[in-house]
Amino acid sequence: MKDQLEQIKALALEALNSVESAGDLEAWRTKHLGRSSAVMDAFKQLGSISKEERPAMGQLANEVKSALEAALAERQTALDSARVQASLQGERLDVTLPGRPIPRGRLHIQTQTMRRIQAIFAEMGFQVYRSRDVETDEYNFQLLNFPPNHPAREMQDSFYVEGGSEDNPVLLRTHTSPGQIHAMREYAAENPENPAPVRIILPGMCYRFEQITARSEIQFTQVEGLAVGENITFGDLKGTLSEFARRFFEAEVRTRFRASHFPFTEPSAEMDVECFVCMGAGCSVCKHSGWLEILGSGMVHPNVLRNGGYDPERYSGFAFGMGPERLSMLRYRIEDIRYFWRNDVRFLEQF
Ligand code: DAH
């Protein structure tokens with residue numbers, strides 16, 4: 001039996017030499033260490049040998065079994081490390097290779113300025129009202145109290161598009177003011193007898209069929225404002241807009257209001273801010289006047305209130321309109337408005 005055990009061991013170890021995969025190894029384990037393997041048979045035969053021989057043979061059988069188990073474990077380790085080695089070789093990665101930079105996008109300067117303006121008015125309780133870019137003559141002009149022969153209605157000032165009729169053509173809005181009528185009508189429709197107060201700003205793109213110069217573009221943004229309610233006064237207009245200017249320019253700038261004219265407001269005023277560069281002393285930004293004009297405004301004309309569904313006997317309101325490109329030009333000292341919509345990254349990436 002001793003020889004038999006030695007042979008079992010020798011055969012198994014020799015077979016192990018040709019095991020190359022995890023599958024082979026498992027098959028080897030079943031065959032040489034499994035329940036019906038030769039070593040296990042040897043244990044069963046122990047009962048039929050003599051008492052004297054039994055302890056020595058039992059010990060030998062145990063040794064053979066342990067030796068095979070040890071050889072199995074060693075082989076297992078060798079196979080594992082060979083597999084790791086192979087995958088390291090196959091998927092070699094050079095961590096010193098420089099990365100490819102991903103170009104970072106950014107918000108357009110006017111998106112940034114518009115968001116600043118919106119945030120400031122939001123703090124003062126104004127909501128954003130989005131109005132359409134394509135308008136009818138009725139909303140863009142008539143309901144805003146433009147007289148029929150007003151020069152702004154001439155063909156060369158507007159981009160007309162298809163549709164509409166002879167006396168109500170369709171055009172790209174020339175200002176954000178027509179949104180005032182849409183907004184008032186929407187608010188008033190909810191409760192025509194007692195329309196709710198309005199406190200909104202209307203940001204958006206406007207279009208004019210004009211000569212493009214350093215100071216005027218055929219497309220530009222505007223931010224319109226409208227507050228309608230009971231007891232709204234010119235003092236509210238001045239307070240709101242002066243506070244806006246201080247927050248926008250982040251300086252304690254003074255403001256002044258000059259009488260002006262717009263068909264949709266009465267009285268009308270243009271607001272100047274004290275030059276935030278020289279604080280009024282005179283410099284190239286303010287062309288040595290000490291003041292910068294930044295917006296048009298006024299008390300909403302009774303006809304416009306009525307067209308929006310608000311009784312001018314009971315309600316009053318103020319409105320204003322500003323050009324955010326002009327605000328950006330002043331804040332960042334940009335000299336030419338044509339940079340804004342030309343899409344030149346050398347300009348855009350500076351903001
Ligand atoms: N709509 C005017 C323009 O485009 C700007 C403006 C002036 C708007 C006075 C207003 C306002 O609401 O009250 O030039």
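Scroll up a little and you will see the structure.
Residues numbered from 1 in each chain as written. Predicted model: local features only at pLDDT ≥ 70, side-chain atom pairs only at ≥ 80, totals over all residues. Heavy atoms only, no water.

Caption draft 1: A look at the sheet that holds strand 7 (residues 255-262). Spatially, 1-5-6-10-9-8-7 is the arrangement adopted by the seven strands of the open sheet, whose pairing is mixed. Lying at the two open borders of the sheet, with one neighbouring strand each, are strand 1 (127-128) and strand 7. Bridging between strand 8 (residues 265-274) and strand 9 (residues 291-300) involves eight bridges; their strand directions are antiparallel. Across the sheet, Glu270 pairs through a bridge with Gly296, a residue of strand 9. The sheet strands contacting helix 8 (residues 234-249) are strand 7, strand 8, strand 9 and strand 10 (316-322), and the helix crosses strand 9 at an angle near 150°. (Pairing = 2+ DSSP bridges. Helix = DSSP H or I, 4+ residues; strand = E, 2+ residues; numbered from the N terminus. Contact = heavy atoms within 4.5 Å. Axes fitted to C-alpha atoms, helices over the stretch in contact; angles between N-to-C directions.)

Caption draft 2: Quick look at the sheet that holds strand 4 (residues 168-172). What the three strands build is an open sheet, ordered 2-4-3; its pairing is antiparallel. The open sheet has two edge strands with one neighbour each: strand 2 (134-136) and strand 3 (160-165). Pairwise comparison of adjacent strand axes, ignoring direction, gives a mean angle of 25° for this sheet. Alignment of strand 2 against strand 4, held across three bridges, turns out to be antiparallel. In the strand pairing of strand 4, Val134 is matched with Leu172.

Caption draft 3: Highlighting the side chain of Glu135. With respect to the helices and strands, Glu135 occurs in strand 2. The charged side chain of Glu135 is buried without a salt bridge, its nearest counter-charge being Arg132 at 4.4 Å. Here His182 takes part through its side chain, which lies 2.9 Å from a polar atom of the side chain of Glu135. In contact with Glu135, not counting residues within four places along its chain, are Asn140, Pro169, Val170, Leu171, Arg173, Pro178 and His182. (Buried < 20%, exposed > 50% of the residue type's maximum accessible area, 1.4 Å probe, protein only. Lys, Arg positive; Asp, Glu negative; His and termini not counted. Salt bridge = Lys/Arg side-chain N within 4 Å of Asp/Glu carboxyl O. Polar contact = N/O pair within 3.5 Å; in protein donor to acceptor, adjacent residues only side chain to side chain.)

Caption draft 4: Up close: the pattern of salt bridges. Using the criterion set out here, one finds 17 salt bridges in the structure. For the salt bridge of Glu26 with Arg29, the shortest nitrogen-to-oxygen distance reads 3.1 Å. With Glu26 and Arg29 both in helix 2 (residues 22-33) and three residues apart, this pair spans about one turn of that helix. Look at Arg29 and you get partly exposed, because its relative accessible area is 34%. With a closest N to O distance of 3.6 Å, Arg83 and Asp80 form a salt bridge. On the criterion of helical spacing, the pair formed by Arg83 and Asp80 is a turn pair, its members being three residues apart in helix 4 (residues 54-90).

Caption draft 5: Representation of the site of the ligand. Around the ligand lies a shell of 15 residues, among which His175, Ser177, Arg208, Gln222 and Glu224 are the nearest. Within the side chain of Arg208, a nitrogen or oxygen atom sits 2.9 Å from an oxygen atom of the ligand. Taking Ala319, its main chain carries an N or O atom lying 3.2 Å from an oxygen atom of the ligand. In the complex, 88% of the free accessible area of the ligand, which totals 350 Å², lies under the protein chains. Contributing elements (two or more residues each) for the shell around the ligand: strand 6 (219-229), strand 9 and strand 10. Class assignment for the residues of the shell around the ligand results in four nonpolar, nine polar and two charged. (Near = heavy atom within 4 Å. Areas by Shrake-Rupley, 256 points an atom, 1.4 Å probe, with all protein chains shown as cover. Nonpolar A, V, L, I, M, F, W, Y, C, P; charged D, E, K, R; others polar.)

Caption draft 6: The packing of helix 1 (residues 2-17) against helix 2, seen in detail. Two elements in contact, helix 1 and helix 2, have axes whose closest approach is 10 Å; the angle formed by their N-to-C orientations is 170°. Classed by the angle they form, the pair helix 1 and helix 2 counts as roughly antiparallel. Contacts from Ala12, Ala15 and Leu16 in helix 1 reach Leu25, Trp28 and His32 in helix 2. Residue composition of the contact of helix 1 with helix 2, by class: five nonpolar, one polar and no charged. (Parallel < 35°, antiparallel > 145°, perpendicular 65-115°, else oblique.)

Caption draft 7: Representation of helix 2 within the structure. Between its first and last C-alpha atoms helix 2 spans 16 Å; for twelve residues at 1.5 Å apiece the expected length is 16 Å, and the two agree. Burial in helix 2 covers these residues: Leu25, Trp28, His32 and Leu33. With its buried residues spanning 80° around the axis, helix 2 presents them on a single face. Where the residues of helix 2 are buried, they touch helix 1, helix 3 (38-45) and helix 4. (Expected span 1.5 Å × (residues − 1). Arc of directions from axis to C-beta.)

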